[in-house]
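# Topology and contacts: notes
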Amino acid sequence: MKTAIIFGASGGIGHQFVEYCLVHYEHVFACTRQLQSFQTIERKGMGKLHLMQLDPSSETELQLFSEYLMGREFNIQLLINACGLLHNGSKGISPEKKIEDFNANSFEEIIKANALITPLIAKHLLSHLNKGAKNLNSTGVFASLSARVGSIGDNYLGGWYSYRASKAALNQIIKTLSIEASRRFKHCSVIAIHPGTTDTNLSEPFQANVPAEKLFTPEFAINKMMAVIEKVGLVDSGKFYAWDGQEIEW
Ligand SMILES: NC(=O)c1ccc[n+]([C@@H]2O[C@H](COP(=O)([O-])OP(=O)(O)OC[C@H]3O[C@@H](n4cnc5c(N)ncnc54)[C@H](OP(=O)(O)O)[C@@H]3O)[C@@H](O)[C@H]2O)c1
């Protein structure tokens, strides 16, 4: 029962991962804080959709999900965290243009959405990924959506302190987790992936200067990222990929 689990499933990117996986996996767990966003999901595939109302920043809820999976026969091959936060519309959180715009409360919210959720998911669910592996070289993939602006080496423009810092923290967690996985979860690869600028609520206020050919539809971005994810082997664990398969420096 080849299975995928997607967190942040109501988001522009998360939702499209669910649609992709419904075509290519037998079971898809779409984990979201907002079930109502699934009333309009297009059911193109034959996969069975399991809707889970779950707040991934809650350890209690993740623990319950883990217990649910424990006694069941799902062959979990893919675990994706597509949660993230850059702004919250007109409610006060927006990326800083200068240091005077930095705000402690906004920073905490952004860290929570971008950096906290991945290690919590790993803590409770990584042990389920590819756990029945019989082939020594087989790998399940844990992919977390990061952003190129989280790369410290690639930072030439400045600005966006909180979002950059939160993704840099996420990247460090992914790298560290990949090292532990190579010792303790030997059939799992752990990667970060940048989707490219994709037309979702998150990027919407910042699209004005993006050339049309560099603004991806969610369908395009997910097809590209899944082509990368499907090629990931154990030797690729601990890498930070762009949507087109190029490696990004941490
Ligand atoms: N769009 C882009 O151009 C772009 C570029 C680079 C990187 N990314 C990254 O790609 C990922 C997906 O972004 P997107 O464009 O799909 O954004 P989005 O449409 O705004 O979706 C983000 C989703 O994250 C979840 N989320 C937000 N805040 C959360 C919180 N505090 N706790 C738990 N979940 C929270 C929500 O899902 P639920 O309510 O379903 O839980 C939300 O729908 C993010 O990590 C983002 O940083 C996007």
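Provided above is the structure to which this section pertains.
If you're wondering where the values come from, they're calculated on a predicted model, not measured in any experiment.

## Comments concerning the site of the ligand
- Taken together, 28 residues are adjacent to the ligand, and Ser10, Thr32, Cys83, Tyr163 and Thr200 come closest.
- Contact between the ligand and Ile13: an oxygen atom at 2.9 Å from a main-chain N or O atom of the residue.
- Gly84 places a polar main-chain atom, nitrogen or oxygen, 3.1 Å from an oxygen atom of the ligand.
- Protein chains bury 91% of the 890 Å² of accessible surface belonging to the ligand in isolation.
- Residue classes in the shell around the ligand are distributed as 12 nonpolar, 14 polar and two charged.

## Observations regarding the sheet that holds strand S2 (residues 27-32)
- Read from one edge of the open sheet, seven strands run S3-S2-S1-S4-S5-S6-S7, paired in parallel fashion. Each edge of the sheet is formed by a strand with only one pairing partner; in this case those strands are strand S3 (48-53) and strand S7 (240-242). With strand direction ignored, the average angle separating the axes of adjacent strands in the sheet is 25 degrees.
- In this structure, strand S6 (residues 188-194) lies alongside S7, joined through three bridges in parallel fashion. Across the sheet, the residue bridging to Ala192 is Phe240, located in S7.
- Running at roughly 165 degrees to strand S4 (residues 75-81), helix H3 (residues 104-125) makes contact with strand S1 (2-7), S4 and strand S5 (140-145) of the sheet.

Thresholds, definitions, all that
Residues numbered from 1 in each chain as written. Predicted model: local features only at pLDDT ≥ 70, side-chain atom pairs only at ≥ 80, totals over all residues. Heavy atoms only, no water. Near = heavy atom within 4 Å. Polar contact = N/O pair within 3.5 Å; in protein donor to acceptor, adjacent residues only side chain to side chain. Areas by Shrake-Rupley, 256 points an atom, 1.4 Å probe, with all protein chains shown as cover. Nonpolar A, V, L, I, M, F, W, Y, C, P; charged D, E, K, R; others polar. Pairing = 2+ DSSP bridges. Helix = DSSP H or I, 4+ residues; strand = E, 2+ residues; numbered from the N terminus. Axes fitted to C-alpha atoms, helices over the stretch in contact; angles between N-to-C directions. Contact = heavy atoms within 4.5 Å.

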